[in-house]
Amino acid sequence: MASQAPVIVVNTSKQRESGHRAQMSNIAAGKTVADVVRTSLGPRAMLKMLLDPMGGITLTNDGFAILRECEVAHPAAKSMIELSRTQDDEVGDGTTSVIILAGEMLAISAPFLERKIHPVVILRGFQRALNDAQDILRKIAKKVDTNDREQMLGLIKSAIGTKFVSRWNDLMCGLALDAVQTVVRRSSDLEAESGNAATSAEQGDASADAGDSASSMDVREVDIKRFARVEKVPGGEIEESRVLDGVMINKDVVHPKMRRRIENPQITREEDWSRILEIEEEQVKLMCEKIAALKPDLVITEKGVSDLAQHFLVKNNITALRRMRKTDNNRIARATGARIVSSVDELKEQDVGTACGLFAVEKIGDEYFTFLTKCRNPKACTILLRGPGKDTLNEIDRNLQDAMCVARNVLFNPYLCPGGGATEMALAVQLGQRAKSEVDGVEQWPYGGVAEAMEVIPRTLIQNGGGNAIRTLTELRAKHAAGQTTWGVNGETGVPVDMNEYGIWEPLAVKLQTIKTAIDSASLLLRVDDIVSGTGKN
């Protein structure tokens, strides 16, 4: 039996890394990804210029936008990029921080693996540190009044102060806050809708009053992806950007004789007009008469409108918009109080929307845009962005999305942590103290390692701001050891500053998600001890 040939289970022509080598390979990949975005953290962040295969240029310092454009081959690097996607989907901010922190968590794991400490023991220390870190975060967080506009603007300002749009801070913060407060739905709004679905002008005013009185009640829904649409129109100045109290669509009326401006329009929304194109004249006339019987000023459809139907609608002084996207249609329904009906036979008086104050078609540049504005309690809005070019507008759009996500997070979870690396420094000092006093055995090493890794955020801020990292970190450690948990880094100059005076605060939700995602992902990669690649060795 001794001379028996070895049994080969895995294809030997494939690339394979096992054991310690696989772990070190993952750590190296994670550190490399973190190094790519390290200089993009803080108000002195550097921009990255990325060229895609089609020749398009992306100019950004947003962590997720950078990594999304990168093509990587290593599976651990791909996993790190997924991290920033998760962070972006969950809280919309902290995409750069989470990558840097995850990279540092992997880096501090390397010496423990070299000392032959088992990965499971390291992970146990990490998990215990994560639980303690979440407790510390909740202790140092302070509550914020979401009805205080100044406080909310200051919070959003700290989120986009590191971005390209920081030059127009006040304008962008105002846009983000107005948009989020427009689309927010509280318990009172949902109860009003379920109680009576019909929306009249009087009910619109009443629900607006109810929204004000219930502003302190719980927030149930803030759907900025569906109901706060950003329309980018090149040309003009950035200062011309604004939030509309209604909806804007890139459409013109279907017939030149139709009215292009209607005050207090009555709006009906038809889903399927395609049958109209196939039916003879009498049937088309009958359908148009059924619509006209409700005396609407404006009809909106997702399908086409035939020439014959246009003729009958013009005769009844009804304006029509056709081939509307489903998403736009939903926003119009939310803003104007109109209901989508799939057939003209189903049209009822209460399906007509009356909450819109003005319908107007305007020409911006070479294109026509339809504005449905002055809506009462709209719950859907359009943010009109103007700017010099497409690349600039795309970057402003990305920054604005981050700002709106921050405002949304605070409405759901109204607690703030000190920014400028102060929160991470507080975690580093307090976890370090607990590691010495409360943790025994080998677990103490990885637990203390998490405390050490937390310092990477203030250290990076100091380095990007051109400060002296060793001296500043020593000062910060002394402040935090004395219980001054609000001391962080001034990202502009790289020197220590009290965040109570400097005014940089970040949502607790973002911090919790950042630390949880970073530690969980590092734990996941450390548990890998075998990498089999689908590609050959050559």
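This report concerns the structure included in the present document. Computed from a predicted model, the values in this text were never measured in an experiment.

Turning our attention to the overall build of the protein chain. Looking only at helices and strands, one finds 20 helices and 22 strands in the protein chain. With 538 residues in all, the protein chain has 53% of them scored as buried. In the protein chain, the share of contacts with a sequence separation of at least 24, taken over all contacts with a separation of at least 6, comes to 76%. In the form shown here, the protein chain has an accessible surface area of approximately 24,400 Å², with 49% of it arising from carbon and sulfur atoms.

A few words on the packing of aromatic side chains. Enumeration over the complete set of coordinates arrives at 0 aromatic pairs. Above the ring of Trp505, the side-chain terminus of Lys142 is found at 4.1 Å from the ring centroid.

This part is about the pairing of strand β3 (residues 57–60). Only one face of β3 is buried, namely the one carrying Thr58 and Thr60, since none of Ile57 and Leu59 on the opposite face is buried. Direction of pairing for strand β2 (residues 48–51) relative to β3: antiparallel, over a ladder of 4 bridges. Of the residues in β3, the one forming a bridge with Lys48 is Thr60.

We now examine helix α3 (residues 75–90). Here α3 is 16 residues long and its end C-alpha atoms lie 23 Å apart, about the 22 Å a rise of 1.5 Å per residue gives. Taken as a whole, α3 has its buried residues at Ala76, Ala77, Met80, Ile81, Leu83, Ser84 and Gln87. One side of α3 carries all its buried residues, which in axial view fall inside an arc of 150°. Those residues of α3 that are buried are in contact with α1 (19–37), α2 (63–69), α4 (95–114) and α20 (508–526). A positive backbone phi angle near 80° is found at Gly92, which sits one or two residues after α3.

What follows concerns the packing of helix α15 (residues 422–437) against helix α16 (residues 444–454). Between α15 and α16, the least distance of the axes is 7 Å, while the angle of their chain directions is 160°. Comparing the axis directions of α15 and α16 gives the class roughly antiparallel. Both α15 and α16 take part in a crossing whose hand is left-handed. Across the interface between the two elements, Glu424, Leu427, Ala428, Leu431, Gly432, Arg434, Ala435 and Lys436 of α15 pack against Gln444, Tyr447, Gly448, Val450, Ala451 and Met454 of α16. When grouped by side-chain class, the residues that make up the contact of α15 with α16 number 8 nonpolar, 3 polar and 3 charged.

Thresholds, definitions, all that
- Residue positions are given per chain, counted from 1 along the sequence in the order it is written.
- This being a predicted model, a pLDDT of at least 70 is required before a residue's local features are given, and a value of 80 or more before pairs of side-chain atoms are given or counted; all residues contribute to the totals for chains, interfaces and linings.
- Each side-chain value is worked out from all heavy atoms of the structure, with water and hydrogens disregarded.
- The numbering of helices and of strands both runs from the N terminus, where a helix is a DSSP run of H or I of at least 4 residues and a strand a run of E of at least 2.
- Each residue is assigned to one of three classes by its accessible area relative to the maximum for its type, calculated with a 1.4 Å probe on protein chains only: buried under 20%, partly exposed between the two thresholds, exposed over 50%.
- Note on contacts: a residue pair qualifies if any of its non-hydrogen atoms lie within 4.5 Å across the two residues.
- Here the open area of atoms and residues is found with the Shrake-Rupley method and a 1.4 Å probe, where only the protein chains shown may cover a residue.
- Only Phe, Tyr and Trp rings take part, Trp by its six-membered ring, and two of them pair if their centres are within 6.5 Å. Stacked means planes under 30 degrees apart, edge-to-face means over 60, and tilted covers everything else.
- Distance and angle both matter: a charge sits over a ring if NZ of Lys or CZ of Arg is within 6 Å of the ring centre and within 35 degrees of the ring normal.
- For two strands to pair, DSSP has to find at least two bridges joining them.
- For a helix, the expected span equals 1.5 Å multiplied by the number of residues minus one.
- Arc definition: directions from the helix axis to the C-beta atoms.
- Fitted lines through C-alpha atoms give the axes, limited to the stretch in contact for helices. The angle between two N-to-C directions lies from 0 to 180 degrees.
- Angles are sorted into four bins: roughly parallel if under 35 degrees, roughly antiparallel if over 145, roughly perpendicular if 65 to 115, and oblique for all others.
- Left-handed describes a crossing whose near helix is turned anticlockwise from the far helix by less than a right angle; the clockwise case is right-handed.
- Each residue is assigned to one class: nonpolar for Ala, Val, Leu, Ile, Met, Phe, Trp, Tyr, Cys and Pro, charged for Asp, Glu, Lys and Arg, and polar for all the others, Gly among them.

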